[in-house]
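# Summary of structural features
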Amino acid sequence: MPAAIVVLEEGELVFESVNRPFICAGLGTIAARSDLIRMLGRDIRDFIESGRWKRSFEWQHGADVDCRHFSVTLGRRRNFRDEPRCLVSMIDRTGEHRTEHSLRREMMTDSLTGLPNRGGFGDLIEHQVTPETADDFAVLAINLDRFSRVNACMGALSGDELLISVARRLKGALRGRDVLARTGGDEFAILLRLESGVDDACQVAERINRALITPFRLCDFEVRVECAIGIALGSDAVDDAEDLIRRAQFAVKRAKRTGKTETYQPQIFAIAREQFAIETELRRAIEDGAMSLAFQPIVDLASDRIMSFESLARWTTESGERLSPADFIPVAEESGLIVPLGRWAMDEAARTLALWDKVAGGHCGVRIAVNLSAIQLQRDHIAAMVRETLDRHGLSGDRLTLELTESAIVGDPDRVTRTMRELKEIGTTLAMDDFGTGYSNLAYLQSLPIDVLKIDRSFVTEMLGNRDKLAIVRAILSLAQALGMKTTAEGIESPELAQTLGALGCTYGQGFSCSRPLSAGAAYDFLLERNA
(Lines give C-alpha, C1' and ligand atoms only; values in the text may rest on other atoms or scores of the structure.)
Protein backbone atom coordinates (compact mmCIF):
# COMPACT_ATOMS: atom_id res chain seq x y z
CA MET A 1 0.00 0.00 0.00
CA PRO A 2 1.53 3.38 -1.01
CA ALA A 3 2.37 5.49 2.04
CA ALA A 4 4.42 8.61 2.85
CA ILE A 5 5.10 10.94 5.73
CA VAL A 6 4.60 14.60 4.84
CA VAL A 7 6.09 17.40 6.94
CA LEU A 8 5.24 21.10 6.99
CA GLU A 9 8.60 22.94 7.03
CA GLU A 10 8.81 26.72 6.84
CA GLY A 11 5.38 26.86 5.24
CA GLU A 12 6.14 24.23 2.62
CA LEU A 13 5.01 20.61 2.48
CA VAL A 14 7.77 18.09 1.79
CA PHE A 15 8.14 14.32 1.94
CA GLU A 16 10.02 13.11 4.96
CA SER A 17 9.87 9.49 3.81
CA VAL A 18 8.05 7.36 1.26
CA ASN A 19 7.76 3.59 0.77
CA ARG A 20 8.48 1.68 -2.43
CA PRO A 21 4.82 1.16 -3.48
CA PHE A 22 4.41 4.94 -3.26
CA ILE A 23 7.30 5.50 -5.68
CA CYS A 24 6.20 2.65 -7.99
CA ALA A 25 2.75 4.16 -8.22
CA GLY A 26 4.34 7.33 -9.63
CA LEU A 27 3.17 9.48 -6.72
CA GLY A 28 6.53 11.08 -5.99
CA THR A 29 9.89 10.78 -4.28
CA ILE A 30 11.54 12.56 -1.42
CA ALA A 31 13.55 14.68 -3.84
CA ALA A 32 10.65 15.75 -6.09
CA ARG A 33 7.46 17.68 -5.40
CA SER A 34 4.69 15.36 -6.59
CA ASP A 35 1.14 15.69 -7.88
CA LEU A 36 0.04 14.53 -4.46
CA ILE A 37 1.40 17.65 -2.74
CA ARG A 38 0.42 19.92 -5.62
CA MET A 39 -3.18 18.67 -5.75
CA LEU A 40 -3.80 17.67 -2.13
CA GLY A 41 -1.56 20.21 -0.43
CA ARG A 42 -4.46 22.26 0.96
CA ASP A 43 -6.13 19.11 2.40
CA ILE A 44 -2.84 17.94 4.00
CA ARG A 45 -2.03 21.41 5.38
CA ASP A 46 -5.54 21.80 6.84
CA PHE A 47 -5.29 18.38 8.44
CA ILE A 48 -1.89 19.10 10.02
CA GLU A 49 -3.07 22.42 11.37
CA SER A 50 -6.38 21.03 12.65
CA GLY A 51 -4.89 18.69 15.23
CA ARG A 52 -7.27 15.87 14.11
CA TRP A 53 -6.16 12.25 14.38
CA LYS A 54 -7.57 10.90 11.11
CA ARG A 55 -9.33 11.88 7.89
CA SER A 56 -10.30 9.80 4.81
CA PHE A 57 -11.49 10.81 1.30
CA GLU A 58 -11.40 9.73 -2.38
CA TRP A 59 -8.88 11.15 -4.89
CA GLN A 60 -8.43 10.83 -8.67
CA HIS A 61 -5.01 11.16 -10.26
CA GLY A 62 -4.16 11.47 -13.96
CA ALA A 63 -5.97 12.20 -17.23
CA ASP A 64 -9.31 10.64 -18.21
CA VAL A 65 -7.87 7.70 -20.12
CA ASP A 66 -5.20 6.84 -17.53
CA CYS A 67 -7.08 8.17 -14.52
CA ARG A 68 -6.35 6.36 -11.27
CA HIS A 69 -8.55 6.27 -8.20
CA PHE A 70 -7.28 6.16 -4.63
CA SER A 71 -8.80 6.04 -1.17
CA VAL A 72 -6.63 8.45 0.82
CA THR A 73 -6.24 8.40 4.59
CA LEU A 74 -4.44 11.16 6.51
CA GLY A 75 -3.31 10.02 9.98
CA ARG A 76 -1.30 11.27 12.90
CA ARG A 77 0.75 9.07 15.22
CA ARG A 78 0.66 9.67 18.92
CA ASN A 79 4.22 11.00 18.91
CA PHE A 80 3.29 13.36 16.00
CA ARG A 81 0.76 15.15 18.21
CA ASP A 82 2.71 18.39 18.45
CA GLU A 83 4.71 18.02 15.24
CA PRO A 84 3.67 19.43 11.82
CA ARG A 85 3.62 16.10 9.99
CA CYS A 86 1.16 13.41 8.97
CA LEU A 87 1.10 9.92 7.49
CA VAL A 88 -0.50 9.68 4.04
CA SER A 89 -1.63 6.12 3.19
CA MET A 90 -3.41 5.20 -0.04
CA ILE A 91 -5.41 2.26 -1.41
CA ASP A 92 -5.53 1.93 -5.21
CA ARG A 93 -9.20 1.59 -6.28
CA THR A 94 -8.55 1.96 -10.01
CA GLY A 95 -9.42 -1.64 -10.88
CA GLU A 96 -12.66 -1.48 -8.92
CA HIS A 97 -13.67 1.80 -10.58
CA ARG A 98 -12.89 0.51 -14.05
CA THR A 99 -14.88 -2.68 -13.44
CA GLU A 100 -17.80 -0.68 -12.07
CA HIS A 101 -17.66 1.70 -15.03
CA SER A 102 -17.57 -1.21 -17.46
CA LEU A 103 -20.52 -2.92 -15.81
CA ARG A 104 -22.50 0.30 -15.72
CA ARG A 105 -21.78 0.96 -19.37
CA GLU A 106 -22.91 -2.57 -20.19
CA MET A 107 -26.08 -2.11 -18.14
CA MET A 108 -26.88 1.15 -19.89
CA THR A 109 -26.29 -0.13 -23.45
CA ASP A 110 -28.57 -2.18 -25.67
CA SER A 111 -26.58 -5.31 -26.55
CA LEU A 112 -28.19 -5.71 -29.98
CA THR A 113 -27.80 -2.23 -31.48
CA GLY A 114 -25.08 -0.75 -29.27
CA LEU A 115 -27.37 2.20 -28.55
CA PRO A 116 -28.20 3.48 -25.07
CA ASN A 117 -31.03 1.47 -23.53
CA ARG A 118 -33.92 2.84 -21.43
CA GLY A 119 -31.73 3.35 -18.36
CA GLY A 120 -28.86 4.88 -20.33
CA PHE A 121 -31.23 7.19 -22.17
CA GLY A 122 -32.70 8.34 -18.87
CA ASP A 123 -29.20 9.11 -17.56
CA LEU A 124 -28.43 11.19 -20.67
CA ILE A 125 -31.58 13.22 -20.14
CA GLU A 126 -30.80 13.72 -16.45
CA HIS A 127 -27.34 15.08 -17.31
CA GLN A 128 -28.37 17.31 -20.21
CA VAL A 129 -31.92 18.48 -19.49
CA THR A 130 -31.96 20.78 -16.48
CA PRO A 131 -34.55 23.39 -15.48
CA GLU A 132 -32.30 26.00 -17.08
CA THR A 133 -31.85 24.12 -20.41
CA ALA A 134 -35.23 22.33 -20.65
CA ASP A 135 -36.54 24.69 -23.35
CA ASP A 136 -33.71 23.57 -25.64
CA PHE A 137 -34.66 19.87 -25.69
CA ALA A 138 -37.35 17.48 -26.85
CA VAL A 139 -37.77 13.70 -26.74
CA LEU A 140 -39.15 11.72 -29.69
CA ALA A 141 -40.58 8.27 -28.99
CA ILE A 142 -40.79 5.91 -31.98
CA ASN A 143 -42.82 2.70 -32.05
CA LEU A 144 -42.55 0.33 -35.02
CA ASP A 145 -45.89 -0.91 -36.39
CA ARG A 146 -46.57 -4.65 -36.66
CA PHE A 147 -42.97 -5.59 -35.80
CA SER A 148 -44.22 -8.66 -33.91
CA ARG A 149 -45.38 -10.14 -37.23
CA VAL A 150 -41.78 -10.20 -38.46
CA ASN A 151 -40.71 -12.20 -35.40
CA ALA A 152 -43.70 -14.51 -35.71
CA CYS A 153 -43.36 -15.17 -39.45
CA MET A 154 -39.60 -14.97 -40.03
CA GLY A 155 -38.04 -15.75 -36.67
CA ALA A 156 -36.22 -13.84 -33.97
CA LEU A 157 -32.93 -13.60 -35.89
CA SER A 158 -34.65 -11.82 -38.77
CA GLY A 159 -36.35 -9.57 -36.27
CA ASP A 160 -32.98 -8.68 -34.74
CA GLU A 161 -31.54 -8.00 -38.18
CA LEU A 162 -34.44 -5.68 -38.95
CA LEU A 163 -33.98 -3.77 -35.69
CA ILE A 164 -30.29 -3.23 -36.43
CA SER A 165 -31.13 -1.97 -39.92
CA VAL A 166 -33.84 0.33 -38.59
CA ALA A 167 -31.42 1.72 -36.00
CA ARG A 168 -28.91 2.55 -38.76
CA ARG A 169 -31.51 4.36 -40.82
CA LEU A 170 -32.78 6.29 -37.83
CA LYS A 171 -29.21 7.29 -36.99
CA GLY A 172 -28.72 8.48 -40.56
CA ALA A 173 -31.82 10.69 -40.33
CA LEU A 174 -30.52 12.54 -37.27
CA ARG A 175 -28.18 15.41 -36.76
CA GLY A 176 -24.80 14.87 -35.17
CA ARG A 177 -25.87 16.30 -31.82
CA ASP A 178 -29.03 14.17 -31.53
CA VAL A 179 -28.92 11.01 -29.42
CA LEU A 180 -30.70 7.80 -30.46
CA ALA A 181 -31.60 5.06 -27.98
CA ARG A 182 -33.48 1.76 -28.06
CA THR A 183 -35.92 1.88 -25.15
CA GLY A 184 -37.85 -1.35 -25.73
CA GLY A 185 -38.38 -4.33 -28.02
CA ASP A 186 -39.64 -2.30 -31.00
CA GLU A 187 -39.31 1.14 -29.44
CA PHE A 188 -36.68 3.82 -30.02
CA ALA A 189 -36.26 7.28 -28.55
CA ILE A 190 -34.32 10.38 -29.55
CA LEU A 191 -33.05 13.26 -27.44
CA LEU A 192 -33.12 16.37 -29.63
CA ARG A 193 -31.51 19.73 -29.05
CA LEU A 194 -33.93 22.35 -30.41
CA GLU A 195 -33.02 25.53 -32.23
CA SER A 196 -36.41 26.49 -33.65
CA GLY A 197 -38.76 25.00 -31.08
CA VAL A 198 -41.16 22.18 -31.91
CA ASP A 199 -40.56 22.71 -35.65
CA ASP A 200 -37.15 21.07 -35.27
CA ALA A 201 -38.77 17.98 -33.73
CA CYS A 202 -41.41 17.83 -36.48
CA GLN A 203 -38.73 18.06 -39.17
CA VAL A 204 -36.79 15.19 -37.61
CA ALA A 205 -40.01 13.15 -37.46
CA GLU A 206 -40.56 13.79 -41.19
CA ARG A 207 -37.00 12.69 -41.99
CA ILE A 208 -37.51 9.50 -40.00
CA ASN A 209 -40.71 8.67 -41.88
CA ARG A 210 -38.94 9.30 -45.20
CA ALA A 211 -35.99 7.14 -44.13
CA LEU A 212 -38.29 4.18 -43.49
CA ILE A 213 -40.18 4.41 -46.81
CA THR A 214 -37.68 2.21 -48.67
CA PRO A 215 -38.39 -1.48 -47.89
CA PHE A 216 -35.88 -3.53 -45.89
CA ARG A 217 -34.48 -6.68 -47.50
CA LEU A 218 -34.73 -9.71 -45.22
CA CYS A 219 -33.91 -13.10 -46.73
CA ASP A 220 -36.11 -13.25 -49.83
CA PHE A 221 -38.65 -10.73 -48.59
CA GLU A 222 -39.03 -6.99 -48.81
CA VAL A 223 -40.34 -5.73 -45.49
CA ARG A 224 -41.95 -2.32 -45.20
CA VAL A 225 -41.70 -0.67 -41.81
CA GLU A 226 -43.98 2.10 -40.61
CA CYS A 227 -43.86 3.80 -37.26
CA ALA A 228 -45.78 6.03 -34.90
CA ILE A 229 -43.93 9.05 -33.49
CA GLY A 230 -44.73 11.03 -30.36
CA ILE A 231 -43.03 14.23 -29.20
CA ALA A 232 -42.61 15.61 -25.68
CA LEU A 233 -41.05 19.03 -25.19
CA GLY A 234 -38.66 19.73 -22.35
CA SER A 235 -40.32 23.13 -21.94
CA ASP A 236 -43.28 21.35 -20.34
CA ALA A 237 -42.64 21.17 -16.61
CA VAL A 238 -41.33 17.66 -15.81
CA ASP A 239 -40.15 16.09 -12.59
CA ASP A 240 -37.54 13.75 -14.04
CA ALA A 241 -36.25 12.02 -17.16
CA GLU A 242 -38.74 9.17 -16.90
CA ASP A 243 -41.57 11.69 -16.86
CA LEU A 244 -40.36 13.18 -20.14
CA ILE A 245 -40.02 9.72 -21.73
CA ARG A 246 -43.51 8.69 -20.54
CA ARG A 247 -45.02 11.83 -22.04
CA ALA A 248 -43.45 11.07 -25.41
CA GLN A 249 -44.74 7.50 -25.21
CA PHE A 250 -48.22 8.76 -24.34
CA ALA A 251 -48.09 10.91 -27.47
CA VAL A 252 -47.14 7.77 -29.44
CA LYS A 253 -50.40 6.12 -28.37
CA ARG A 254 -52.32 9.04 -29.83
CA ALA A 255 -50.19 8.87 -32.98
CA LYS A 256 -51.21 5.23 -33.44
CA ARG A 257 -54.86 6.28 -33.41
CA THR A 258 -54.54 9.37 -35.61
CA GLY A 259 -51.92 8.07 -38.03
CA LYS A 260 -49.74 11.18 -37.75
CA THR A 261 -46.99 12.54 -35.50
CA GLU A 262 -48.46 13.81 -32.23
CA THR A 263 -47.10 16.22 -29.63
CA TYR A 264 -47.86 15.64 -25.96
CA GLN A 265 -50.72 17.76 -24.66
CA PRO A 266 -51.12 18.04 -20.87
CA GLN A 267 -54.93 18.30 -20.94
CA ILE A 268 -55.25 15.03 -22.85
CA PHE A 269 -52.89 13.37 -20.38
CA ALA A 270 -55.07 14.64 -17.53
CA ILE A 271 -58.10 13.00 -19.15
CA ALA A 272 -56.14 9.76 -19.57
CA ARG A 273 -55.15 9.84 -15.88
CA GLU A 274 -58.78 10.36 -14.93
CA GLN A 275 -59.82 7.41 -17.10
CA PHE A 276 -57.08 5.28 -15.53
CA ALA A 277 -58.40 6.18 -12.08
CA ILE A 278 -61.90 5.17 -13.23
CA GLU A 279 -60.50 1.89 -14.59
CA THR A 280 -58.76 1.09 -11.30
CA GLU A 281 -61.83 1.76 -9.18
CA LEU A 282 -64.16 0.06 -11.69
CA ARG A 283 -62.07 -3.10 -11.47
CA ARG A 284 -62.53 -3.14 -7.70
CA ALA A 285 -66.26 -2.42 -8.03
CA ILE A 286 -66.75 -5.40 -10.36
CA GLU A 287 -64.71 -7.72 -8.14
CA ASP A 288 -66.44 -6.54 -4.93
CA GLY A 289 -69.98 -6.60 -6.36
CA ALA A 290 -70.42 -2.85 -5.96
CA MET A 291 -72.25 -2.44 -9.28
CA SER A 292 -76.03 -2.48 -9.72
CA LEU A 293 -78.61 -2.81 -12.48
CA ALA A 294 -81.51 -0.53 -13.27
CA PHE A 295 -84.44 -1.74 -15.35
CA GLN A 296 -86.36 0.32 -17.93
CA PRO A 297 -89.73 -1.02 -19.12
CA ILE A 298 -90.32 -1.82 -22.79
CA VAL A 299 -94.06 -1.67 -23.56
CA ASP A 300 -96.24 -3.02 -26.33
CA LEU A 301 -97.50 0.14 -28.05
CA ALA A 302 -100.77 -1.55 -29.07
CA SER A 303 -101.78 -2.88 -25.64
CA ASP A 304 -99.69 -0.57 -23.40
CA ARG A 305 -98.54 -3.62 -21.43
CA ILE A 306 -94.94 -4.15 -20.29
CA MET A 307 -93.36 -6.92 -22.34
CA SER A 308 -89.77 -6.73 -21.10
CA PHE A 309 -87.21 -4.68 -19.19
CA GLU A 310 -83.86 -3.49 -20.49
CA SER A 311 -81.15 -3.91 -17.84
CA LEU A 312 -78.75 -0.98 -17.54
CA ALA A 313 -75.52 -0.92 -15.54
CA ARG A 314 -75.27 1.65 -12.76
CA TRP A 315 -72.26 2.55 -10.62
CA THR A 316 -71.81 4.72 -7.55
CA THR A 317 -68.11 5.24 -6.84
CA GLU A 318 -66.42 4.87 -3.47
CA SER A 319 -66.65 8.65 -3.04
CA GLY A 320 -70.42 8.55 -3.57
CA GLU A 321 -70.40 9.93 -7.12
CA ARG A 322 -72.88 8.40 -9.55
CA LEU A 323 -71.06 7.94 -12.83
CA SER A 324 -72.99 7.84 -16.07
CA PRO A 325 -72.54 4.71 -18.23
CA ALA A 326 -71.29 7.14 -20.90
CA ASP A 327 -68.30 7.77 -18.58
CA PHE A 328 -67.39 4.26 -17.47
CA ILE A 329 -68.54 1.95 -20.31
CA PRO A 330 -65.93 3.35 -22.81
CA VAL A 331 -63.24 2.91 -20.15
CA ALA A 332 -64.40 -0.66 -19.55
CA GLU A 333 -64.27 -1.39 -23.28
CA GLU A 334 -60.80 0.08 -23.76
CA SER A 335 -59.35 -1.71 -20.73
CA GLY A 336 -61.02 -5.08 -21.39
CA LEU A 337 -63.08 -4.82 -18.20
CA ILE A 338 -66.20 -4.96 -20.37
CA VAL A 339 -65.88 -8.77 -20.40
CA PRO A 340 -66.18 -9.29 -16.59
CA LEU A 341 -68.66 -6.38 -16.46
CA GLY A 342 -70.79 -7.98 -19.19
CA ARG A 343 -70.68 -11.37 -17.47
CA TRP A 344 -71.74 -9.79 -14.19
CA ALA A 345 -74.62 -7.91 -15.89
CA MET A 346 -75.85 -11.11 -17.57
CA ASP A 347 -75.81 -13.04 -14.31
CA GLU A 348 -77.43 -10.22 -12.31
CA ALA A 349 -80.21 -9.75 -14.90
CA ALA A 350 -80.96 -13.49 -14.93
CA ARG A 351 -80.88 -13.66 -11.14
CA THR A 352 -83.34 -10.74 -10.91
CA LEU A 353 -85.74 -12.32 -13.42
CA ALA A 354 -85.61 -15.64 -11.56
CA LEU A 355 -86.40 -13.77 -8.32
CA TRP A 356 -89.41 -12.06 -9.93
CA ASP A 357 -90.67 -15.47 -11.11
CA LYS A 358 -90.29 -16.82 -7.59
CA VAL A 359 -92.22 -13.92 -6.07
CA ALA A 360 -94.92 -14.24 -8.75
CA GLY A 361 -95.20 -17.99 -8.13
CA GLY A 362 -94.37 -18.76 -11.78
CA HIS A 363 -93.69 -16.93 -15.03
CA CYS A 364 -93.84 -13.21 -14.17
CA GLY A 365 -94.79 -12.36 -17.75
CA VAL A 366 -91.75 -10.42 -19.00
CA ARG A 367 -88.33 -10.95 -20.56
CA ILE A 368 -85.04 -9.27 -19.66
CA ALA A 369 -82.90 -7.48 -22.26
CA VAL A 370 -79.10 -7.37 -21.80
CA ASN A 371 -76.63 -5.36 -23.90
CA LEU A 372 -73.64 -7.09 -25.50
CA SER A 373 -70.55 -4.98 -26.20
CA ALA A 374 -68.64 -5.37 -29.46
CA ILE A 375 -65.48 -6.02 -27.41
CA GLN A 376 -67.24 -8.71 -25.39
CA LEU A 377 -68.45 -10.38 -28.58
CA GLN A 378 -64.86 -10.49 -29.84
CA ARG A 379 -63.21 -11.74 -26.66
CA ASP A 380 -65.75 -13.84 -24.79
CA HIS A 381 -67.48 -17.15 -25.50
CA ILE A 382 -70.93 -15.57 -25.44
CA ALA A 383 -73.13 -18.56 -26.26
CA ALA A 384 -71.53 -20.80 -23.64
CA MET A 385 -71.68 -18.02 -21.05
CA VAL A 386 -75.37 -17.33 -21.75
CA ARG A 387 -76.27 -21.02 -21.60
CA GLU A 388 -74.46 -21.47 -18.26
CA THR A 389 -76.16 -18.37 -16.83
CA LEU A 390 -79.64 -19.51 -17.84
CA ASP A 391 -79.05 -23.00 -16.44
CA ARG A 392 -77.71 -21.59 -13.18
CA HIS A 393 -80.91 -19.60 -12.59
CA GLY A 394 -83.35 -22.09 -14.08
CA LEU A 395 -84.48 -19.92 -17.01
CA SER A 396 -85.25 -20.81 -20.62
CA GLY A 397 -83.61 -18.97 -23.52
CA ASP A 398 -86.86 -17.27 -24.62
CA ARG A 399 -86.80 -15.19 -21.43
CA LEU A 400 -83.70 -13.34 -22.62
CA THR A 401 -83.24 -10.62 -25.25
CA LEU A 402 -79.66 -9.80 -26.26
CA GLU A 403 -78.99 -6.37 -27.76
CA LEU A 404 -75.96 -5.66 -29.97
CA THR A 405 -74.98 -2.75 -32.18
CA GLU A 406 -74.26 -2.60 -35.90
CA SER A 407 -70.59 -1.81 -35.18
CA ALA A 408 -70.31 -5.13 -33.32
CA ILE A 409 -71.39 -6.98 -36.44
CA VAL A 410 -69.14 -5.06 -38.84
CA GLY A 411 -66.08 -5.47 -36.60
CA ASP A 412 -65.94 -9.27 -37.05
CA PRO A 413 -68.95 -10.40 -39.11
CA ASP A 414 -67.99 -14.08 -39.37
CA ARG A 415 -67.45 -14.55 -35.63
CA VAL A 416 -70.56 -12.54 -34.73
CA THR A 417 -72.68 -14.48 -37.24
CA ARG A 418 -71.63 -17.79 -35.66
CA THR A 419 -72.31 -16.43 -32.18
CA MET A 420 -75.76 -15.14 -33.14
CA ARG A 421 -76.77 -18.47 -34.63
CA GLU A 422 -75.61 -20.27 -31.48
CA LEU A 423 -77.66 -17.84 -29.39
CA LYS A 424 -80.73 -18.49 -31.54
CA GLU A 425 -80.30 -22.23 -30.91
CA ILE A 426 -80.56 -21.45 -27.19
CA GLY A 427 -83.83 -19.65 -27.88
CA THR A 428 -82.86 -16.06 -27.12
CA THR A 429 -84.31 -13.03 -28.91
CA LEU A 430 -81.75 -10.88 -30.77
CA ALA A 431 -82.17 -7.14 -31.14
CA MET A 432 -80.05 -4.68 -33.12
CA ASP A 433 -79.57 -1.61 -30.94
CA ASP A 434 -79.26 2.02 -32.16
CA PHE A 435 -80.29 1.06 -35.69
CA GLY A 436 -79.68 3.82 -38.24
CA THR A 437 -76.66 5.39 -36.48
CA GLY A 438 -74.05 2.91 -37.76
CA TYR A 439 -73.31 1.21 -41.05
CA SER A 440 -76.90 -0.02 -41.67
CA ASN A 441 -75.67 -2.80 -43.93
CA LEU A 442 -78.82 -4.30 -45.39
CA ALA A 443 -77.02 -7.50 -46.34
CA TYR A 444 -76.45 -8.23 -42.64
CA LEU A 445 -80.12 -7.61 -41.86
CA GLN A 446 -81.14 -10.10 -44.52
CA SER A 447 -78.70 -12.84 -43.55
CA LEU A 448 -78.50 -12.58 -39.76
CA PRO A 449 -81.13 -14.00 -37.36
CA ILE A 450 -82.19 -10.59 -36.01
CA ASP A 451 -85.65 -10.43 -34.40
CA VAL A 452 -85.97 -6.78 -33.39
CA LEU A 453 -84.70 -3.45 -34.73
CA LYS A 454 -84.31 -0.75 -32.08
CA ILE A 455 -84.77 2.73 -33.58
CA ASP A 456 -82.27 5.14 -32.05
CA ARG A 457 -83.62 7.93 -29.86
CA SER A 458 -81.91 10.56 -32.04
CA PHE A 459 -84.57 9.87 -34.72
CA VAL A 460 -87.49 9.38 -32.35
CA THR A 461 -87.39 12.31 -29.92
CA GLU A 462 -87.88 15.07 -32.51
CA MET A 463 -89.70 13.16 -35.25
CA LEU A 464 -93.03 14.98 -34.74
CA GLY A 465 -91.45 18.30 -35.64
CA ASN A 466 -88.88 17.12 -38.16
CA ARG A 467 -89.93 15.75 -41.53
CA ASP A 468 -86.59 14.16 -42.27
CA LYS A 469 -86.53 12.20 -39.02
CA LEU A 470 -90.14 11.15 -39.49
CA ALA A 471 -89.24 9.88 -42.97
CA ILE A 472 -86.29 7.90 -41.53
CA VAL A 473 -88.51 6.31 -38.88
CA ARG A 474 -91.11 5.39 -41.52
CA ALA A 475 -88.39 3.83 -43.69
CA ILE A 476 -87.01 1.75 -40.79
CA LEU A 477 -90.51 0.54 -39.88
CA SER A 478 -91.20 -0.43 -43.50
CA LEU A 479 -87.87 -2.23 -43.77
CA ALA A 480 -88.49 -4.18 -40.58
CA GLN A 481 -91.97 -5.17 -41.72
CA ALA A 482 -90.61 -6.38 -45.07
CA LEU A 483 -87.97 -8.48 -43.28
CA GLY A 484 -90.42 -9.88 -40.75
CA MET A 485 -88.82 -8.11 -37.79
CA LYS A 486 -90.38 -6.33 -34.84
CA THR A 487 -89.35 -2.80 -33.85
CA THR A 488 -88.66 -0.92 -30.61
CA ALA A 489 -88.53 2.88 -30.54
CA GLU A 490 -86.19 4.40 -27.93
CA GLY A 491 -86.55 7.81 -26.36
CA ILE A 492 -90.36 8.10 -26.28
CA GLU A 493 -90.96 11.08 -24.01
CA SER A 494 -94.65 11.89 -24.59
CA PRO A 495 -97.93 9.97 -24.98
CA GLU A 496 -98.46 11.68 -28.37
CA LEU A 497 -95.17 10.27 -29.64
CA ALA A 498 -96.13 6.80 -28.42
CA GLN A 499 -99.52 6.98 -30.15
CA THR A 500 -97.96 8.17 -33.42
CA LEU A 501 -95.36 5.39 -33.43
CA GLY A 502 -98.05 2.82 -32.67
CA ALA A 503 -100.14 4.11 -35.55
CA LEU A 504 -97.12 3.87 -37.88
CA GLY A 505 -96.73 0.19 -36.99
CA CYS A 506 -93.94 0.28 -34.39
CA THR A 507 -94.20 -2.78 -32.12
CA TYR A 508 -92.61 -1.68 -28.85
CA GLY A 509 -91.48 1.52 -27.17
CA GLN A 510 -89.40 2.65 -24.23
CA GLY A 511 -88.65 6.03 -22.74
CA PHE A 512 -89.48 8.46 -19.97
CA SER A 513 -93.10 8.66 -21.15
CA CYS A 514 -93.55 5.19 -19.70
CA SER A 515 -90.91 5.15 -16.98
CA ARG A 516 -87.35 6.03 -16.15
CA PRO A 517 -84.99 3.16 -15.27
CA LEU A 518 -86.00 1.63 -11.92
CA SER A 519 -84.39 -0.49 -9.24
CA ALA A 520 -85.24 -4.21 -9.29
CA GLY A 521 -87.84 -3.90 -6.55
CA ALA A 522 -89.46 -0.79 -8.01
CA ALA A 523 -89.49 -2.36 -11.49
CA TYR A 524 -91.39 -5.41 -10.24
CA ASP A 525 -93.93 -3.25 -8.41
CA PHE A 526 -94.39 -1.16 -11.57
CA LEU A 527 -94.87 -4.35 -13.58
CA LEU A 528 -97.66 -5.53 -11.27
CA GLU A 529 -99.37 -2.15 -11.36
CA ARG A 530 -99.08 -1.62 -15.15
CA ASN A 531 -100.07 -5.12 -16.23
CA ALA A 532 -102.80 -5.67 -13.64
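Here the structure is a predicted model, which is why all the values come from computation and not from measurement.

A word on the nonpolar core. Counting residues in hydrophobic clusters, the biggest one holds 78 residues, and the most contacted among them are Trp356, Val386 and Leu501. Of the residues forming this core, the biggest block, ten residues, is contributed by helix α11 (residues 338–360). If sequence neighbours within four positions are ignored, Leu501 has contacts with Leu301, Val460, Met463, Val473, Ala489, Ile492 and Cys506. Core analysis: the next-biggest nonpolar cluster, separate from the first, contains 33 residues, Ile190, Ala201, Val204 and Val225 among them.

Here we take up the sheet that holds strand β6 (residues 137–144). Strand order in this open sheet of five strands is β7-β8-β6-β11-β12, and the pairing throughout is mixed. Two strands close off the open sheet at either side, each with one partner strand: β7 (179–182) and β12 (262–263). Bridge count for β7 against strand β8 (residues 187–193) is four bridges, and the pairing is antiparallel. Looking at the pairing, Leu180 lines up with Ile190 of β8. Lying over the sheet, helix α8 (residues 241–258) contacts β6, β8, β11 (227–233) and β12, oriented at roughly 140° with respect to β11.

Before going further, it helps to examine the sheet that holds strand β1 (residues 3–9). An order of β2-β1-β5-β4-β3 is seen for the five strands of this open sheet, with the pairing classed as antiparallel. Both outer strands of the open sheet, β2 (12–18) and β3 (54–61), are each paired with one neighbouring strand and no more. Ignoring strand direction, the axes of neighbouring strands in this sheet form an average angle of 30°. Looking at chain direction, β3 and strand β4 (residues 68–75) are connected through eight bridges and run antiparallel. When the sheet's bridge partners are listed, Arg55 is paired in β4 with Leu74. Helix α2 (residues 35–50) rests against β1, β2, β3, β4 and β5 (85–92) of the sheet, and its axis sits at about 165° to β3.

Another point: the pattern of salt bridges. All chains considered together, the criterion is met by 27 salt bridges. Close ionic contact of Asp92 with Arg68 constitutes a salt bridge, the shortest N to O distance being 2.6 Å. With Asp92 in strand β5 and Arg68 in strand β4, the pair connects residues that are 24 residues apart, well separated along the chain. Looking at Asp92, the relative accessible area reads 33%, which means it is partly exposed. A residue is classified by how much of its surface remains accessible, and Arg68, at 26% relative accessible area, is partly exposed. The salt bridge partner of Asp304 is Arg530, with a shortest N-O separation of 2.7 Å. Taken together, the residues Asp304 in the loop between β13 (291–300) and β14 (306–316) and Arg530 in helix α20 (residues 520–530) connect sequence positions 226 residues apart. Overall, Asp304 belongs to the partly exposed group, its relative accessible area being 41%. For Arg530, a relative accessible area of 25% translates into the label partly exposed.

What counts, and where the lines are drawn
- Residues numbered from 1 in each chain as written.
- Predicted model: local features only at pLDDT ≥ 70, side-chain atom pairs only at ≥ 80, totals over all residues.
- Heavy atoms only, no water.
- Core = buried A, V, L, I, M, F, W, Y, C linked by side-chain atoms within 4.5 Å.
- Buried < 20%, exposed > 50% of the residue type's maximum accessible area, 1.4 Å probe, protein only.
- Helix = DSSP H or I, 4+ residues; strand = E, 2+ residues; numbered from the N terminus.
- Contact = heavy atoms within 4.5 Å.
- Pairing = 2+ DSSP bridges.
- Axes fitted to C-alpha atoms, helices over the stretch in contact; angles between N-to-C directions.
- Salt bridge = Lys/Arg side-chain N within 4 Å of Asp/Glu carboxyl O.

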